[in-house]
Amino acid sequence: MKFSGENLLHIINDILDFTKIETGKMELEDFPFNLKTLANDIINSLQVNVKKKGNHLNLLFDSAIPVQLSGDKNRLYQILMNFLGNAIKFTDNGLVELKIGLIKQNETSAVIKFEIKDTGIGIPKDKQKYIFETFTQAKTDISRKYGGTGLGLAITKKLLNMYNAEILVDSVEGLGTTFSFEITFKKTAEKSVAQGLASEMSVFQGKKILVVDDNEINILIAKRILSKWGLDIDSAINGYEAIDKIMSEHYNLIFMDIKMPGIDGFETTGIIRDISGDYYKDLPIIALTASTLKNDHFKFMECGMNGHVLKPFNPEEIRKLLSGFLSGEEQ
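Residues numbered from 1 in each chain as written. Predicted model: local features only at pLDDT ≥ 70, side-chain atom pairs only at ≥ 80, totals over all residues. Heavy atoms only, no water.

K.L.:
Give me the lowdown on empty space enclosed by the protein, citing residues and values where you can.
P.N.:
Throughout the structure, instances matching the rule amount to 1 cavity of 30 Å³ or more. Within this model, the largest cavity holds a volume of roughly 30 Å³. Contributing to the lining of the largest cavity are V211, A222, L226, F255, L288, F313 and I318. Partitioned by chemical class, the residues of the lining of the largest cavity number 7 nonpolar, no polar and no charged. (1 Å grid on protein atoms, 1.4 Å probe; cavity = no way out; pocket = protein on both sides within 12 Å on 5 of 7 lines; lining within 4 Å. Points joined across faces, edges and corners; volume = space filled by probe spheres on them. Nonpolar A, V, L, I, M, F, W, Y, C, P; charged D, E, K, R; others polar.)

K.L.:
Break down the side chain of T289 for me, with residues and values.
P.N.:
Among the structural elements, T289 can be located in strand 11 (residues 285-289). For T289, a relative accessible area of 5% translates into the label buried. Every residue in contact with T289, bar those within four places of it in the chain, is listed here: I258, F300, H308, V309, L310 and K311. (Helix = DSSP H or I, 4+ residues; strand = E, 2+ residues; numbered from the N terminus. Buried < 20%, exposed > 50% of the residue type's maximum accessible area, 1.4 Å probe, protein only. Contact = heavy atoms within 4.5 Å.)

K.L.:
Quick one: what's the story with the packing of helix 9 (residues 239-248) against helix 10 (residues 265-274), residue by residue and with numbers?
P.N.:
Where helix 9 contacts helix 10, the axes come no closer than 9 Å and their chain directions differ by 25°. Between helix 9 and helix 10, the angle falls in the class roughly parallel. The element helix 9 and its partner helix 10 pack so that their crossing is right-handed. Contacts from G239, A242, I243 and I246 of helix 9 reach helix 10 at T268, I271 and I272. Tallied by class, residues from the contact of helix 9 with helix 10 come to 5 nonpolar, 2 polar and no charged. (Axes fitted to C-alpha atoms, helices over the stretch in contact; angles between N-to-C directions. Parallel < 35°, antiparallel > 145°, perpendicular 65-115°, else oblique. Left-handed = near helix turned anticlockwise from the far one by under 90°.)

K.L.:
Which residues make up the packing of aromatic side chains, and what values do they have?
P.N.:
Counted according to the given criterion, the structure contains 8 aromatic pairs. Consider the rings of F83 and F181, whose centres lie 5.7 Å apart with planes at 25°: the pair is stacked. You can see F83 sitting in helix 4 (residues 73-89) and its partner F181 sitting in strand 7 (residues 176-187), a full 98 residues away along the chain. In this structure, F83 and F181 share a single accessibility class: buried. Here a set of aromatic residues connected by ring pairs shows up, and it is made of F83, F114, F179 and F181. (Phe/Tyr/Trp six-rings, centres within 6.5 Å; stacked < 30°, edge-to-face > 60°.)

This is the structure we're talking about:
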């Protein structure tokens with residue numbers, strides 16, 4: 001059941017991403033990030049899957065790459081995870097390698113080359129031009145043996161097109177595959193970024209957040225994201241429990257799921273707002289929702305919510321929102 005659920009979730013996420021790109025509703029964000037930290041996080045997160053297949057996963061990182069770059073870290077993460085996930089999936093008792101190098105730089109930008117290399121099953125020459133097409137895999141038995149929808153590389157190619165980056169494929173059937181591409185990132189002043197983030201993180205220290213969601217996985221993800229920023233995180237699995245906790249403890253902000261059994265997020269928020277006292281009237285309540293329907297936006301306002309965050313969670317979006325509310329900029 002766990003495997004089937006995760007597989008279904010991957011398929012749904014792939015289709016949603018593909019639809020966003022096809023309809024022009026996906027845009028690249030531009031935030032400062034540390035590429036080495038991102039690469040290390042990716043490598044560490046994949047170690048369990050690597051060991052299951054008897055593989056070794058290595059990172060080769062060029063020390064000449066600027067510490068701080070600016071770009072869409074989340075989409076880059078998705079691109080690298082797709083390539084590395086495939087490399088691990090199609091390699092047994094072999095080597096998977098992520099190589100990141102600096103090609104050139106000037107005062108404002110840096111061109112970074114990414115190479116994902118494996119010693120796996122390889123791709124036949126006559127199939128290499130088809131692997132980036134939707135719902136297509138190199139061989140007819142790939143899905144049966146290894147799983148997958150044939151959407152991963154199609155999405156990855158479209159994401160790289162948004163970066164104006166071209167994917168190069170070098171593969172020999174039975175010996176392995178290397179995917180490579182280059183992306184131009186803006187350079188960011190390291191000192192100002194560090195100071196800005198330090199100042200922002202200081203606003204989060206000692207603040208208490210309540211996450212209300214009947215899905216334990218969503219609560220776990222939210223806790224992992226928010227706890228890294230020094231926030232004190234509490235949770236409730238339904239509206240009744242949330243009301244009890246809010247009446248007995250002091251919170252600085254509430255993340256409220258909309259669809260819950262019993263009373264939903266709209267009703268829960270309305271009940272909280274009807275309790276006498278400034279605390280219950282002014283407490284920021286942010287909706288957690290997978291919906292972007294205009295009708296729901298009106299409901300957020302009518303029941304007394306202060307904003308909304310789309311699921312799946314975007315850490316940068318949540319960080320910016322929290323920074324505004326917890327620093328007193330949003331009311």
